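For reference, the chains in residue letters:
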Amino acid sequence: MGIFKKKVQPLYFRPSDASVAQAFKNGNAMTKLSFFVCGLGNIANKQLVRGLIFLALEIGYFAYLFSFGIGALGDFITLGTVEQGQVFNEALGIYEYSAGDDSMLCLLYGVITLALTAAIIFVGCMSGKSAYCTQFRKEKGMDVPSFKDDIRSLKEENLHAFLLAVPIIGILCFTVVPLVFMILIAFTSYDHDHQPPGNLFTWVGLANFKSMFSQGSKLASTFWPVLSWTLIWAVVATVSCYILGLLLALLINRKGTRAKGFWRFMFVLSVAVPQFVTLLSMRTIFNANGPVNVLLREIGMIGATESIPFFTDPLYAKITIICINIWIGVPFTMLSTTGILQNIPAELYEAAKIDGASAPTIFRKITLPYMLFVMTPNLITSFTGNINNFNVIFLLSGGGPDSLDYYYAGKTDLLVTWLYRLTITQKDYNLGAVIGILVFIILATVSLITYRRTGSYKDEGAFQ
Amino acid sequence: MKAKRIITNTVCHVLLAILSVIWVLPIFYVVLTSFRAESGSYKSYIWPRGFTFDNYINLFHGNSNIDFSRWFMNTFVIAIFSTILSAFFVLCVSYVMSRLRFKMRKSFMNIALVLGMFPGFMSMIAVYYILKGLGLLETGVLKQVALVLVYSGGAGLGFYMAKGFFDTIPKTIDEAAYIDGATKWDTFIRITIPLSKPIITYTLITAFMGPWVDYIFAKVIMGEERPYYTIAIGLWTMLEKEFVEYYYTQFYAGCVVISIPIAILFLLTQKCYVEGVSGAVKG
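These remarks concern the structure in this document. Remember, predicted model here, so these are calculated numbers, not experimental data.

Residues and elements named next belong to chain A. You will see that K46, though not glycine, has its phi angle at about 70°, which is positive. Within the fold, K46 resides in the loop between α4 (40-44) and α5 (48-78). On the basis of relative accessibility, which here comes to 77%, the residue K46 falls in the exposed class. The phi dihedral of A259 is positive, around 50°, even though this residue is not glycine. Exposure remark for A259: the relative accessible area of 47% places this residue in the partly exposed category.

The following block contains the structure:
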């Protein structure tokens with residue numbers, strides 16, 4: 001066993017093999033110091049390049065901190081103190097603006113400084129671990145890897161770090177930092193009255209959440225209807241597209257159906273067209289003077305000057321949008337279910353037929369449970385996708401018809417399109433951020449609960 | 001019994017025919033209107049009084065406001081660059097998640113799942129200000145660079161599909177390579193990548209289609225700089241009140257022009273998708 005273990009021991013002792021706490025506890029003074037003076041342990045043990053890189057990172061951070069970072073952190077706490085003022089310029093006879101603090105930038109730089117601080121703490125830990133493993137190797141009498149070995153290790157033991165570095169930087173810059181920033185905005189008073197650089201905004205704690213939920217406020221009386229429409233929409237859109245798509249796939253895959261490829265092609269055609277093209281043309285097709293109304297006028301269902309308010313009446317608008325969404329979604333479901341339908345064991349059907357089951361019973365007792373079992377994860381994704389289905393609503397109705405009872409929302413607005421309006425049109429960034437957080441909470445709970453309850457999670461082998 | 005079967009079959013075929021008419025009619029209408037000779041927007045009739053090819057010709061001789069060919073090129077260039085970047089990101093991340101084992105692996109995958117639950121453009125405002133802070137919103141060309149970064153920056157999070165594919169490549173192939181002295185890097189470049197053509201094509205095409213169909217990010221970043229628009233916001237602009245009367249038929253011509261390549265690409269992805277789902281190495 002002892003010999004075997006020696007063989008398994010990697011030739012190159014990775015810092016990640018020891019935890020940070022272990023490294024700190026077992027390390028000698030030099031190693032412990034390396035947590036604070038990055039690269040010290042490496043430099044002392046002749047790993048000059050590695051040590052210097054650590055050191056350079058730390059020096060760079062502190063240079064940033066003292067030149068800019070401390071100020072940024074201070075501003076982050078206050079979000080700016082000097083308001084932009086107006087000074088009357090006698091000579092020119094106009095008001096001139098004196099520079100004030102920009103709360104927006106204070107917040108942004110604060111977040112960036114915090115992110116950099118987190119990064120330097122990470123570097124410190126890495127440096128300590130690296131010093132510890134060098135110390136460990138020295139004590140064991142193994143040779144200390146040179147910088148060349150470090151580079152080589154990127155192709156082998158540390159390939160994950162090498163491959164992940166750039167994508168993770170991308171994710172941090174374009175997803176994580178912006179997200180943290182927006183979450184913080186939910187706790188400020190950054191609304192249309194507090195627009196930097198002209199005005200300052202400050203931290204207000206949970207006030208935005210309170211006003212969103214407080215009884216009788218205009219916000220609350222917008223939030224609840226919009227939320228319920230969002231949920232109704234998500235459920236109806238998901239279920240209708242799924243069931244109808246499944247039925248369509250069954251219809252095409254029936255034994256008796258001829259020219260299966262042709263029928264499939266007819267439906268796939270609409271999927272292949274880019275979605276915004278479909279949506280924009282649907283919007284014109286259902287316009288008050290669009291071809292559908294023209295057609296109805298010609299066949300005499302409505303008067304020559306009348307038109308059905310497809311997008312201007314709240315109820316009609318909702319129905320129209322759901323129907324158009326079915327038009328868009330059904331072929332998608334048909335495509336994704338066809339393959340799975342063909343995988344249903346034929347014995348199941350034969351047994352059912354022998355027992356004298358009718359077609360609807362077979363669908364209810366065999367096809368649907370099987371499909372639900374296989375596709376629940378898909379259903380959850382499409383449900384969450386529908387809650388966030390910005391394009392369909394925005395490009396079709398734009399959230400309209402607008403309602404005076406609502407706080408800048410229309411009758412068909414989803415939470416996300418309301419978020420868009422609040423931020424882009426209305427400039428109530430704090431409320432937009434609050435809605436974003438609420439959407440996240442809804443999605444997270446829904447997916448966690450449903451996913452844990454599904455058969456495919458509990459019992460992976462049910463149909464195997 | 002036979003008569004009953006014939007009846008059901010007929011009913012099914014009639015039903016299919018009706019449904020496919022419903023599904024094809026709007027597309028047919030788009031094509032029809034794109035050839036309509038009469039200008040102006042909504043008409044009180046459906047079948048055009050005359051047909052012409054001018055809508056397509058005029059589309060490519062735009063002015064400074066509506067310049068379809070320029071938008072087309074803009075979108076094409078942006079799509080190429082963001083495809084390269086995001087495919088690189090996706091392949092790296094999914095290979096790491098599928099093949100390499102390291103400490104943070106599980107937590108990274110969970111974080112990716114959680115991040116995916118925030119509404120995509122909630123971060124848009126912040127991204128906008130970060131790009132502004134980086135000085136990337138000064139001129140139109142820089143805005144295009146910014147757009148490429150926005151489309152590809154977070155692409156590493158969408159690794160699930162490709163990871164699932166890599167998971168199906170038997171580990172024994174990798175191990176054979178290790179025994180022959182290959183590093184993990186060699187295995188990635190020389191073995192995994194060549195075995196993964198369907199999923200690479202799939203990743204490339206989906207990334208390529210992104211900029212053609214995205215409306216919202218492009219709109220926020222480009223603002224009013226019409227010459228630098230991408231196709232999606234360009235077409236939307238054609239339907240704005242000031243343009244719709246003149247550009248209505250050209251809008252439909254534009255839709256047709258754009259739909260054809262995208263449709264072909266989409267049908268390609270379907271093929272790759274099926275191959276990708278069914279796994280890499282067939283027994």
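Another aspect to go through is the packing of aromatic side chains. Throughout the structure, instances matching the rule amount to 49 aromatic pairs over all chains. Summarising the aromatic geometry, the rings of F68(A) and Y109(A) are spaced 5.3 Å apart at their centres and angled 80° between planes, so their arrangement reads as edge-to-face. Taken as a pair, F68(A) in helix α5 and Y109(A) in helix α6 (residues 103-140) lie far apart in primary sequence, 41 residues in all. Under the relative-accessibility criterion, Y109(A) is labelled partly exposed at 33%. Here the aromatic residues F162(A), Y95(B), F165(B), F166(B), W185(B) and F188(B) are joined through ring pairs into a cluster of three or more. Above the ring of F24(A), the side-chain terminus of K32(A) is found at 5.8 Å from the ring centroid. Above the face of the W229(A) ring, K318(A) is positioned so that its terminal group lies 4.9 Å from the ring centre.

Two side chains carrying opposite charge are able to pair once their charged atoms lie near each other. Residue and element names in this part refer to chain A. For the structure shown, the criterion picks out seven salt bridges over all chains. With a shortest N-O distance of 2.9 Å, R50 and D150 are connected by a salt bridge. You can see R50 sitting in helix α5 and its partner D150 sitting in helix α7 (residues 147-153), a full 100 residues away along the chain. Of the two residues, R50 and D150, both sit in the buried class. When the shortest N-O distance is used, the salt bridge between D402 and R421 registers 3.1 Å. Of this pair, D402 sits in the loop between α17 (390-396) and α18 (415-425) while R421 sits in helix α18, placing them 19 residues apart in sequence. Under the relative-accessibility criterion, R421 is labelled buried at 16%. One salt-bridge network, in which partners are shared between bridges, spans D402, D413 and R421.

A rise of 1.5 Å per residue sets the reference length of helix α16 (residues 359-387) of chain A, with its 29 residues, at 42 Å; its end C-alpha atoms lie only 34 Å apart and thus fall more than 12% short of the reference. The sharpest bend along α16(A) measures roughly 65° and falls at M375(A), with the proline P377(A) sitting one to four residues further on.

Residue and element names in this part refer to chain B. Here S86 shows up in helix α3 (residues 68-99). The exposure class of S86 is buried, given its relative accessible area of 7%. With residues near it in sequence (within four places) discarded, S86 still touches S152, A155 and A207.

Moving on to the interface of chain B and chain A. Each side of the interface is counted separately: chain B has 77 residues, and chain A has 84 residues. At the boundary of chain B with chain A, total buried surface from both sides reaches about 7200 Å², with 82% on carbon and sulfur atoms. Counting the contacts that link chain B with chain A gives zero salt bridges. Here the side of chain B that touches chain A takes 16 residues from helix α1 (residues 2-34) of chain B, the largest share from any one element. Among the residues making up the side of chain B that touches chain A, the classes are represented as 62 nonpolar, twelve polar and three charged.

Another aspect to go through is the packing of helix α11 (residues 260-272) of chain A against helix α14 (residues 314-343) of chain A. Residue and element names in this part refer to chain A. One way to put it is that α11 packs onto α14 with a least axis distance of 8 Å and a crossing angle of 125°. Regarding the angle of α11 to α14, the classification is oblique. Relative to α14, α11 is oriented so that their crossing is left-handed. Counted together, R264, F267, V268, S270 and V271 of α11 and W327, P331, F332, M334, L335 and T338 of α14 form the full contact between these two elements. Counted by class, the contact of α11 with α14 contains eight nonpolar, two polar and one charged residues.

Rules used in this analysis
- Residues numbered from 1 in each chain as written.
- Chains lettered and ligands numbered in written order.
- Predicted model: local features only at pLDDT ≥ 70, side-chain atom pairs only at ≥ 80, totals over all residues.
- Heavy atoms only, no water.
- Helix = DSSP H or I, 4+ residues; strand = E, 2+ residues; numbered from the N terminus.
- Buried < 20%, exposed > 50% of the residue type's maximum accessible area, 1.4 Å probe, protein only.
- Phe/Tyr/Trp six-rings, centres within 6.5 Å; stacked < 30°, edge-to-face > 60°.
- Lys NZ or Arg CZ within 6 Å of the ring centre and 35° of its normal.
- Salt bridge = Lys/Arg side-chain N within 4 Å of Asp/Glu carboxyl O.
- Expected span 1.5 Å × (residues − 1).
- Bend = angle between axes of the 7 residues up to and from the residue.
- Contact = heavy atoms within 4.5 Å.
- Buried area = accessible area lost by both parts, 1.4 Å probe.
- Nonpolar A, V, L, I, M, F, W, Y, C, P; charged D, E, K, R; others polar.
- Axes fitted to C-alpha atoms, helices over the stretch in contact; angles between N-to-C directions.
- Parallel < 35°, antiparallel > 145°, perpendicular 65-115°, else oblique.
- Left-handed = near helix turned anticlockwise from the far one by under 90°.

Such coordinate-based values are descriptive only and should not be taken to indicate function.
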